[in-house]
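# Residue-level structure breakdown
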Amino acid sequence: SGIFAVILNTGLINGAIYGVIIAFPCWLLARYYLMNRKLPSGNVDWYPIGQILGKITGCGALLLALATIANINFQGGLYLAGESLFGNEFLKNLTNREQMGGNLLLGELLLYFPGILVLSWLILLTINAVLAQAILTWNGMAIRPTPIYSELRSPEWLNWALLGASIIALLKGHSIEILGRNLVIVFAVPYFFIGMGLIHMVVRKFALSNLVLTAIYLLIITLVWPMIIVVLLGFFEPFTSLRSRYVTKNTSV
């Protein structure tokens, strides 16, 4: 109904974009989030949220790859396609002197702009899903019990996908190199959530945990580079078994 409403109000192209970016991912999330099976013991086994996060991450990577293919005949590929869309708007209000620095900044941003867009999309979807579950739980309407988000585990294929994207990023060739760099950003998203879940587990065991968590989030938002540490923490967690040292049965983060 949302797709048809957008088509009727704004046209077929916008309806298709809405369907791909909003409607389909929401349907995918809801479908797998409510998928379950009954065990011989009588308990209900719900579809793992890590697998769901992996699926929408794969969708984001696919969108990024399709965008690269769609612009393969554009001179300069995805990079110059983005520059033609955003470059003039970014520089038009700057003075000649400012434009020298602006061009350098724009060049760096455009290298990672597609990946940042997909990253923002993934975070928005995830936050909306968590908020939806919280609202339904508060109103006693939730079909699925709220998962323990700090126990999030990524599917194994994501390890190989991140490794493959890193290799592509090292290849020479403007378009393929940019695609690899941006795929690294996309495939790193689940590991960021895993890393933050682990941080929540550890910090909750100390006094003033809320204050410490607030400081950590502010540090990540203001400096950005600590995100890399969190991603590495999430990526290497299965190899270091850090979670097993801190997880408790009553964890509810």
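See above for the structure.
Residues numbered from 1 in each chain as written. Predicted model: local features only at pLDDT ≥ 70, side-chain atom pairs only at ≥ 80, totals over all residues. Heavy atoms only, no water.

## With respect to the packing of aromatic side chains
Scanning all chains against the criterion turns up eight aromatic pairs. The residue whose ring lies beneath R31 is Y32, and the NZ or CZ to ring-centre distance is 4.9 Å. Sitting over the ring of Y33, R144 keeps its end group 4.6 Å from the ring centre. (Phe/Tyr/Trp six-rings, centres within 6.5 Å; stacked < 30°, edge-to-face > 60°. Lys NZ or Arg CZ within 6 Å of the ring centre and 35° of its normal.)

## What to know about the nonpolar core
Across soluble globular proteins, you tend to see nonpolar side chains buried next to one another. If you look at the biggest cluster of nonpolar residues, it comprises 40 residues, and the most contacted ones within it are L122, L183, F187, Y191 and F192. Those elements giving two or more residues to this core turn out to be α2 (12–33), α3 (49–70), α5 (96–138), α6 (156–169), α7 (174–203), α8 (209–223) and α9 (226–240). Element by element, the count of residues in this core is highest for α7, at 14 residues. (Core = buried A, V, L, I, M, F, W, Y, C linked by side-chain atoms within 4.5 Å. Buried < 20%, exposed > 50% of the residue type's maximum accessible area, 1.4 Å probe, protein only. Helix = DSSP H or I, 4+ residues; strand = E, 2+ residues; numbered from the N terminus.)

## Remarks on the pattern of salt bridges
The tally for this structure, following the rule as stated, stands at two salt bridges. Here R37 makes a salt bridge to D45, at a shortest N to O gap of 3.0 Å. Exposure remark for D45: the relative accessible area of 29% places this residue in the partly exposed category. Between E177 and R181 there is a salt bridge whose closest N-O contact spans 2.8 Å. Note that E177 and R181 are positioned in helix α7 at a spacing of four residues, about one turn of the helix. With relative accessibility at 26%, the residue R181 sits in the partly exposed group. (Salt bridge = Lys/Arg side-chain N within 4 Å of Asp/Glu carboxyl O.)

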